[in-house]
Amino acid sequence: MTTESTFTIKQTADQTGVSKDTIRYYEKIALLPRADRQDNGHRIYRQKDIDTIQLITCMKKTGMSLEEMRPFLAVPTDTDPAEFPELVESLKSHRENVISQISSLQKVVDFIDMKLEKGKYRLD
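Presented here is an overview of the structure given in this document. (Residues numbered from 1 in each chain as written. Predicted model: local features only at pLDDT ≥ 70, side-chain atom pairs only at ≥ 80, totals over all residues. Heavy atoms only, no water.)

### Details of the overall build of the protein chain
In step 1: Looking only at helices and strands, one finds 5 helices and 2 strands in the protein chain.
In step 2: Going from N to C terminus, the protein chain has its helices and strands arranged as α-α-β-β-α-α-α.
In step 3: Its C-alpha radius of gyration of 20 Å places the protein chain more than 25% over the 14 Å reference for a compact globule of 124 residues.
In step 4: Across its three principal directions, the C-alpha atoms of the protein chain cover 70 × 35 × 30 Å.
In step 5: Looking at the 124 residues of the protein chain, the share that counts as buried comes to 24%.
In step 6: Carbon together with sulfur atoms contributes 54% to the accessible area of the protein chain, which is approximately 9,300 Å² in total. (Helix = DSSP H or I, 4+ residues; strand = E, 2+ residues; numbered from the N terminus. Rg over C-alpha atoms; globule rule 2.2 N^0.38 Å. Buried < 20%, exposed > 50% of the residue type's maximum accessible area, 1.4 Å probe, protein only. Areas by Shrake-Rupley, 256 points an atom, 1.4 Å probe, with all protein chains shown as cover.)

Following this line, the structure appears as structure tokens:
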């Protein structure tokens, strides 16, 4: 019998790049399930919690609000997406927004590259 690895809040924060306070906040607003506790009251996290925190971080980087991601986090990871067509459509729409943001940012990068190539930052 193998036992599942557990992690302290510090280890979880280190692995995810998310502060301990943020992890506690995600629990408080129920984006993460309440952590199990050791006998001494310290929180215990599992790999599935780390995976969820990483998903939240990824979604936040795309501009998705915590409330917008809540329905996605409520769906079990082994669920067939076809069972939730409204979430699939929402994610497709969000994906299109991200692609648009990438395109806009690429134009900014292209402009900066052009300025660096010409060696002039302003037209005088």
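Once you've had a look at it, read on.
### Considering the environment of L55
In step 1: Structurally, the position occupied by L55 is in helix 3 (residues 47-61).
In step 2: Relative accessible area serves as the criterion here: at 37%, L55 is assigned to the partly exposed category.
In step 3: Taking the C-alpha atoms as reference, L55 lies 12 Å from A74; in sequence the two are 19 residues apart.

### A short note on helix 2 (residues 20-28)
In step 1: Inspection of helix 2 places I23, Y26 and E27 among the buried residues, and these make up the whole buried set. Viewed end-on, helix 2 has its buried residues packed into an arc of 100°, placing them on one side of the element. Exposed residues pointing more than 90 degrees away from the buried face of helix 2 are listed as D21 and K28.
In step 2: Elements in contact with the buried residues of helix 2: helix 1 (9-16), strand 2 (43-44), helix 3 and helix 4 (66-74).
In step 3: A30, located one to two residues past helix 2, shows a positive phi value of around 65°. (Arc of directions from axis to C-beta. Contact = heavy atoms within 4.5 Å.)

### What to know about a nonpolar patch on the surface
In step 1: On the surface, a nonpolar cluster with roughly 440 Å² of combined accessible area is contributed by V108, F111, I112, M114 and L116.
In step 2: Mapped onto the elements, V108 comes out in helix 5 (residues 85-118). (Patch = residues over 30% accessible without salt bridge, like charges linked within 9 Å, V, L, I, M, F, W, Y side chains within 5 Å. Salt bridge = Lys/Arg side-chain N within 4 Å of Asp/Glu carboxyl O.)

### A short note on the layout of surface pockets
To find the voids left in a structure, one rolls a probe of water-molecule size over its atoms.
In step 1: The calculated volume of the largest pocket comes to roughly 650 Å³.
In step 2: If you trace the largest pocket, you find 25 residues lining it, with L55, F72, L73, V75 and T77 closest to the centre.
In step 3: When residues of the lining of the largest pocket are traced back to their parent elements, those giving at least two are helix 3, helix 4 and helix 5.
In step 4: Ranked by residues supplied to the lining of the largest pocket, first place goes to helix 3 with 7 residues.
In step 5: Considering only residue class, the lining of the largest pocket consists of 16 nonpolar, 5 polar and 4 charged. (1 Å grid on protein atoms, 1.4 Å probe; cavity = no way out; pocket = protein on both sides within 12 Å on 5 of 7 lines; lining within 4 Å. Points joined across faces, edges and corners; volume = space filled by probe spheres on them. Nonpolar A, V, L, I, M, F, W, Y, C, P; charged D, E, K, R; others polar.)

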